[in-house]
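Survey of secondary and tertiary structure
For reference, the chains in residue letters:
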Amino acid sequence: MGRRILVQRRGKGTQNFRSPKHRKRGAVKYIPRNYTDVLNFEVIEFIHEGGRGTPLARIEFDNKKRSLWLPPEGIFLHDRFQIGPQTEIMVGNTMEVQYIPEGSLIYNIEILPGDGGKLCRSGGTTATLMTRSEKGVQILFPSGKRKVIHKNSRATLGVVAGGGRTTKPYLKAGNKYHQMRTKATNWPVITSSGMNACSHPFGGGRKKMSGRPTTTSRNAPPGRKVGMIAARQSGRKTR
């Protein structure tokens, strides 16, 4: 086709489309599992990480080891918390889900025991521990989906901090631009028919119309393989 559209450039993974990992502060996950001891730690600092919508906390354990932690709402500097197999039921404490009461709000949930926390980590989110069974523990997520996880998976009590971030308007495009630059996200997003003819097969023309069928063959070349690829049908079904 002689044209290199945006989809092709993103797939190649050049610098403009890579995540700026050099700005990351480090891994934010639970320490390796300990089946017997309960460890105490203290919040010594709150820090910001570019591209992350939640604040981070630097914590220090009683053995002077430090780590990064995803804090809940309502905590302060020098607050002390616990992580272990069975700790006190308090916001900020981390334990296995089999010891957490039903109906509790939890976040940073492990899918498999020991993976460090994978689910419900964005600002202001929380999940609800529903029921226990022989298969595991059922968790209700903000999307309404229910998932059964292993009883030895760990979670933290509370709600992820930074929940009010999305309620503040951007007010100008520059603020949005600088935020999106910290992530591996294509922005601004423009429709294909609004592009120039040199940028997309559907671009160009006097009006915002594709000018050609929006379905394409499975065997089309890379510059043309856009739209509804190998669609079985398009449009409204007829009775």
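Summary of the structure given here. (Residues numbered from 1 in each chain as written. Predicted model: local features only at pLDDT ≥ 70, side-chain atom pairs only at ≥ 80, totals over all residues. Heavy atoms only, no water.)

1. Structural notes on the overall build of the protein
- On a plain count of helices and strands, the protein comes out with two helices and twelve strands.
- The order of helices and strands in the protein, counted from the N terminus, is α-β-β-β-β-β-β-β-β-β-β-α-β-β.
- For a compact globule of 239 residues, the expected C-alpha radius of gyration is about 18 Å, and the protein comes in at 24 Å, more than 25% above that figure.
- Principal-axis analysis of the C-alpha atoms places the extent of the protein at approximately 65 × 45 × 30 Å.
- Counting the 239 residues in the protein, one finds 33% classified as buried.
- A fraction of 55% describes how many contacts in the protein between residues 6 or more apart in sequence connect residues 24 or more apart.
- If you sum the accessible surface of the protein, you get close to 15,200 Å²; carbon and sulfur atoms cover 50% of it.
- Charge centroids of the protein, computed over 44 positive and 14 negative side chains, lie 25 Å from each other. (Helix = DSSP H or I, 4+ residues; strand = E, 2+ residues; numbered from the N terminus. Rg over C-alpha atoms; globule rule 2.2 N^0.38 Å. Buried < 20%, exposed > 50% of the residue type's maximum accessible area, 1.4 Å probe, protein only. Contact = heavy atoms within 4.5 Å. Areas by Shrake-Rupley, 256 points an atom, 1.4 Å probe, with all protein chains shown as cover. Lys, Arg positive; Asp, Glu negative; His and termini not counted. Charge placed at Lys NZ, Arg CZ, Asp CG, Glu CD.)

2. Considerations on the environment of Arg 3
- Its location among the elements puts Arg 3 in the segment before helix 1 (6–12).
- Taking the C-alpha atoms as reference points, Arg 3 and Arg 224, separated by 221 residues in sequence, lie 9.0 Å from one another.
- Apart from the residues within four sequence positions on either side, Arg 3 is in contact with Gln 8, Ala 197, Cys 198, His 200, Pro 201 and Gly 223.

3. Let's talk about the environment of Asn 219
- By secondary structure assignment, the location of Asn 219 is in the loop between strand 11 (215–216) and strand 12 (228–229).
- Take Asn 219: its relative accessible area is 72%, and that puts it in the exposed class.
- With 136 residues separating them along the chain, Asn 219 and Ile 83 place their C-alpha atoms 55 Å apart.

4. Concerning the packing of aromatic side chains
- Taken as a whole and judged by the stated rule, the model has four aromatic pairs.
- Ring centres of Phe 41 and Trp 69 lie 5.1 Å apart, and the angle between their planes is 70 degrees; this geometry places the pair in the edge-to-face category. Of this pair, Phe 41 sits in strand 1 (residues 39–47) while Trp 69 sits in strand 3 (residues 66–69), placing them 28 residues apart in sequence.
- Given a relative accessible area of 2%, Phe 41 falls into the buried group. (Phe/Tyr/Trp six-rings, centres within 6.5 Å; stacked < 30°, edge-to-face > 60°.)

5. Regarding the side chain of Thr 94
- Within the fold, Thr 94 resides in strand 5 (residues 94–96).
- Residue Thr 94 is classed as buried on the basis of its relative accessible area, which comes to 1%.
- Once you skip the residues sitting within four places of it in the chain, Thr 94 turns out to touch Tyr 30, Trp 69, Gln 82, Ile 83, Gly 84, Thr 87, Arg 154, Ala 155 and Thr 156.

6. Here's the deal with the pairing of strand 8 (residues 137–140)
- Only one face of strand 8 is buried, namely the one carrying Val 137 and Ile 139, since none of Gln 138 and Leu 140 on the opposite face is buried.
- If you look at the hairpin formed by strand 7 (residues 127–132) and strand 8, you'll find four residues sitting between the two strands, and Gly 136 has a positive phi there, around 155 degrees.
- Pairing of strand 8 with strand 9 (residues 146–149) involves four bridges; the strand directions are antiparallel. From the neighbouring strand, Gln 138 faces strand 9, where its bridge partner is Val 148.
- The hairpin turn running from strand 8 into strand 9, its antiparallel successor, is five residues long, and Gly 144 in that turn takes a positive phi close to 95 degrees. (Pairing = 2+ DSSP bridges.)

7. Considering the nonpolar core
- Judged by nonpolar contacts, the single largest core of 17 residues is most densely connected at Phe 41, Val 43, Ile 59, Trp 69, Leu 70 and Phe 81.
- Elements with a minimum of two residues in this core: strand 1, strand 2 (56–61), strand 3 and strand 4 (80–83).
- Sort the elements by how many residues they give to this core and strand 2 lands first, with four residues.
- Contacts of Val 43, omitting those with residues within four sequence positions, involve Ala 57, Arg 58, Ile 59, Trp 69, Ile 75, Phe 76, Leu 77, His 78, Asp 79 and Phe 81.
- If you look at the next biggest cluster of nonpolar residues, it comprises 15 residues, including Cys 120, Ile 139, Ile 149 and Leu 157. (Core = buried A, V, L, I, M, F, W, Y, C linked by side-chain atoms within 4.5 Å.)

8. Observations regarding the pattern of salt bridges
- Enumeration over the complete set of coordinates arrives at nine salt bridges.
- Here Arg 52 makes a salt bridge to Glu 49, at a shortest N to O gap of 2.9 Å.
- Notably, a salt bridge pairs Glu 102 with Arg 132, separated by 3.8 Å at the nearest N-O pair. Residue Glu 102 is found in the loop between strand 5 and strand 6 (105–107), and its partner Arg 132 is found in strand 7; the two are separated by 30 residues along the sequence.
- Exposure remark for Glu 102: the relative accessible area of 48% places this residue in the partly exposed category.
- The partly exposed category is assigned to Arg 132, whose relative accessible area is 34%. (Salt bridge = Lys/Arg side-chain N within 4 Å of Asp/Glu carboxyl O.)

9. Describing the environment of Val 160
- For Val 160, the position within the fold is in the loop between strand 10 (154–157) and helix 2 (173–181).
- Val 160 sits 52 residues away from Asn 108 along the chain, and the two C-alpha atoms are 8.3 Å apart.
- Val 160 has contacts with Thr 54, Leu 70, Pro 71, Pro 72, Glu 73, Tyr 107, Cys 120, Arg 121, Ser 122, Gly 123, Gly 124 and Thr 125, leaving out every residue within four places of it along the chain.

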